[in-house]
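Residues per chain, in single letters:
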Amino acid sequence: MRALRRDRGFLVGAAIALLMILVAATAPLLAAAAGQDYTTYHDNLLDSARGGVPLGRLGGISGDHWLGLEPGTGRDLFARVVYGAQVSLGVAVGATILEVLIGLLVGTAAGLGGRWADGILTRLVDLVLALPILVIAISLLAIVPQDWPRPLLLATVIAVLGWGGTARITRGETLTLRTRDYVAAARLSGAGWFRIARREILPGLTAPVLTYAALLLPTNMVVEAGLSFLGVGVRPPTPSWGQMLSTATTWFRADPMYVIIPGGLLFLTLLSFVLVANGLRRALDPRQSEVLR
Amino acid sequence: MRRALTLVLPSLLLLAACDGGGGGGTSATGAFDPATCQGGTLTVLNQGGITHLDPARLYTSGGGNIPSLLFRTLTTRNRQPGEAGAKPAPDLATDLGTPSDGAKTWTYRLRDDVFFEDGTPITSADVKYGIERSFAPELPGGAPYLRDWLQDAASYQGPYKQPEGIKAIETPDDRTIVFKLSKPEGDFPFLATATQFAPVPKAKDKGVGYEAHPISSGPYQVESYEPKKSLVLVRNTHWSSKSDTLRYACPDRIEVTAGLDAAVINQRLVSGAGQDANAATTDAPVGPEQLAQLGTGGPLDKQVARGEFPATYYLAFNTKKAPFDNQKVREALSYAVNRTSVVNALGGSTIVGSSTTFLPPQKALGYQPYDHFPAGDTGDPAKAKQVLAEAGVSNLTIELAHSNSDDSGYGPKVAAAVQEAFKQAGVTVKLTAIDDATYRDVTGKPATEPSASLQYWGADWPSGGPFLIPIFDGRQIITAGGNFNLAQYNDPQVNAEIDAINALTDQSTAQARWGALDTTIGKLALTIPLAHEKDVFLFGKNVKNAVPDGWRGTYDLARISVK
């Protein structure tokens, strides 16, 4: 902990990450504070003859519209960005939690199970790791009924296709931990496998899995953005950063701010999570910290 | 008709639907002389098209853009800017046809100086055979009119199965062809511009394989053709400009590349590097990137053509389903719609204009302005609420179907704009996205037709008939699929008026009555007209005479020059 407190990269990353999470959590309040919502069209503030570019400089940034307007519709960009944070972060966090849960379950089962269980589960993990996530996710998302809650669905699909890494790390760590004396002692004293997994193995997994999860989070954000970019993410009018970037591809010259704002936020958020993950790894893995110091 | 457009884009070479028009190039136009414009290679950069090259399978408006380089038809579009261009002109025939028997019989005489690419003279039998082929189930895709119009031809299966041919088409001699129709059709000279009226020599017909190298009657012939990818055209030496004053045929060679992204095409036309300076497009209208550079006095302003293809974007109600069986509800929503949002969703006021009439604002179609449910530019939610309250309807939730692709003009962006406008009037809209590839199948089958859907309708030819009949003629409700009368509206009086106008051969009289009919039907709010199409297309900096014609709103490849 002390190491973390001295780690400047970690501190900066954590501050930005916390800020983003706070923004996402308080999106309705922030939008209300700005006096805007993410669905109202402001057609009078667009230059229709030029394709619907916002009037005014910097994509229509003004006292009323803090980050300007969405070209083509005139929806308030600030409101859309903060609500978009909800989707982007929510889906990424949800998917990461699910991935960690599935990964822990499968990984410890493989690590503690017999040769057959381990063999089958490990092959399964290999299979999942080999799946082309985007391709399968696109087809899955395209066939499910449209009235299913999209963010939940996105998180589930991403997690179902992406838990392989966590499972593999968990299994590796479990295999090391199960040979430790205290695990042997627990077994000799008559503890069952479930108890051993819960009481003896799980605490030892915290550090590596936490670090891995912190790295998974930005990856999942990218996947969500990618899926939304490709048009199989959340449904309009719900905003997401990936979706904004997708529509921005036709506007990047006419209204650069529309690319810069969601793109910049996505970049910042990803960077902050990577900084946090690196900090955690240095702090939790003594060998790593020695190498780096 | 919309029928045309959907099929066209995929199945022809970009001809029909909407190529953007020219208007630009004023400086070049002044000096342009069709007698000295010959030479050079024109590059055509397109998104889609060239899926088929068989004249039987092409669905074109006015003969199309690329197809009309290869195929001459009995008549063709007049290829002039403005109103003059919305008329047919003789092509293979010596005139627009002679009607008799109250416009139920049309007689054409062919020119003497017209030849196929192998030097064989074109005869009336070749034209007849070309039309008969288009009835073959092996060669689907063409416009449906001939089957409806020709006497006793509805069940004809094409010359492969029924070599005896269509009795309603007579060829008393090599130069004369006579069409017998089941009812009067004053618009026949317009229909005769379709590629189904192109001659096909029976001896060279290879059935479905014919399109690998269709025998040309126009100024160019096929050098190489790879469907959906590329098409190279070279001069047809047996074509003579003396027999064809409408096509200038300036470039020596035309190279078409399809399968490109619209943004890429426009970027290449703007930068004009190398051969791209001699490039044009027939299916990639300008995007926001270029719109922002237009009208600023920059160099791009000289490389743009502005025209209008008659087409309407609209919201269609299924009046067989609640709540749209209630006219008051339809009226209320007509008041609620915000056309400014819709126009912006479609790309802004440069490429679409808002519409309160079903007929787009072209005189040739009989356009008469009306606004039965004045909503202003941005909608009148208060009035809409009031009408709903009078009708005793509250907490209204409706479903609106739209395509999943914005390229169609009835995709998610327009749907979201409508949703937001209706929300202001207290109406909740649930959006249903339908895959673009099956959108027409789902909405065009009364059994699966949604209660409300976004639609687009373009003119097969500039006249009120093809614009209004499929939408409002009660006898055109097709239960098997391919239905466009989405309101499922059937009023004997309207049907009778349609028949009466069809019998007119005087276009200006017909126009006035089509316009009046549109105004009358508009009062029922069977549709909410949203916007009409404008066509803004770029062309390379060396391209001259890119002038849009009044028929298709786009510049004509047969008349542009790269010399």
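Rules and cut-offs
- Residues numbered from 1 in each chain as written.
- Chains lettered and ligands numbered in written order.
- Predicted model: local features only at pLDDT ≥ 70, side-chain atom pairs only at ≥ 80, totals over all residues.
- Helix = DSSP H or I, 4+ residues; strand = E, 2+ residues; numbered from the N terminus.
- Buried ≥ 20, exposed ≤ 12 C-beta atoms within 10 Å, placed from the backbone.
- Contact = placed C-beta atoms within 7 Å.
- Pairing = 2+ DSSP bridges.
- Nonpolar A, V, L, I, M, F, W, Y, C, P; charged D, E, K, R; others polar.
- UniProt positions renumbered as here; feature names shortened; annotations may be inferred.
- Axes fitted to C-alpha atoms, helices over the stretch in contact; angles between N-to-C directions.

(A) View of the overall build of chain A. Regarding its fold elements, chain A presents 13 helices and two strands. Counting only C-alpha atoms and orienting by the principal axes, one finds that chain A spans roughly 80 × 50 × 30 Å. Counting every position in chain A, which comprises 293 residues, the buried fraction comes to 46%. For chain A, restricting intrachain contacts to residue pairs at least 6 apart in sequence, the fraction spanning at least 24 positions comes to 70%.

(B) Looking closely at the pairing of strand S7 (residues 176–180) of chain B. Residues and elements named next belong to chain B. Of the two faces of S7, only the one carrying Ile 177 and Phe 179 is buried; Thr 176, Val 178 and Lys 180 on the other face are not. In this sheet, S7 lies alongside strand S5 (residues 105–109) in antiparallel orientation, the contact comprising five bridges. Looking at the pairing, Arg 109 lines up with Thr 176 of S7. The pairing of strand S6 (residues 169–173) with S7 spans three bridges and is classified as antiparallel. From the neighbouring strand, Asp 173 faces S7, where its bridge partner is Thr 176. If you look at the hairpin formed by S6 and S7, you'll find two residues sitting between the two strands.

(C) Region of the structure containing the interface of chain B and chain A. The partner chain A presents 20 residues to the 23 residues of chain B that form the contact. Among the secondary structure elements, those contributing two or more residues to the side of chain B that touches chain A are helix H8 (288–291), helix H10 (339–345), helix H12 (412–424) and strand S16 (428–434) of chain B. Partitioning the side of chain B that touches chain A into residue classes produces ten nonpolar, ten polar and three charged.

(D) Up close: the UniProt feature "transmembrane region" (unreviewed entry) in chain A. All names here are of chain A. In the numbering adopted here, UniProt assigns the feature "transmembrane region" (unreviewed entry) to residues 87–112, 124–145, 151–170, 201–223 and 257–280. In this annotation, residues 87–112 is assigned 100% helix and 0% strand; the end-to-end C-alpha distance for the span is 37 Å. Helix and strand shares over residues 257–280 are 100% and 0% respectively, and the end C-alpha atoms of the span are 34 Å apart.

(E) Representation of unusual backbone geometry within the structure. Residues and elements named next belong to chain B. Cis rather than trans, the peptide bond between Ala 322 and Pro 323 has omega equal to 0 degrees. Among the secondary structure elements, Pro 323 is positioned in the loop between strand S13 (311–317) and helix H9 (327–336). Positive phi outside glycine occurs at Lys 228, with the angle close to 70 degrees. Along the chain, the position of Lys 228 falls in the loop between strand S8 (220–226) and strand S9 (230–235). Its 13 C-beta neighbours within 10 Å are what place Lys 228 among the partly exposed residues.

(F) Quick peek at the sheet that holds S7 of chain B. All names here are of chain B. Read across the open sheet, the four strands follow the order S4-S5-S7-S6; overall the sheet is antiparallel. Whereas interior strands pair on both sides, the edge strands pair on one side only; in this sheet they are strand S4 (98–100) and S6. Along the sheet, successive strands turn relative to each other by an average axial angle of 20 degrees, direction set aside. Docked against the sheet, helix H4 (residues 124–133) engages S6 and S7, running at close to 165 degrees with respect to S6.

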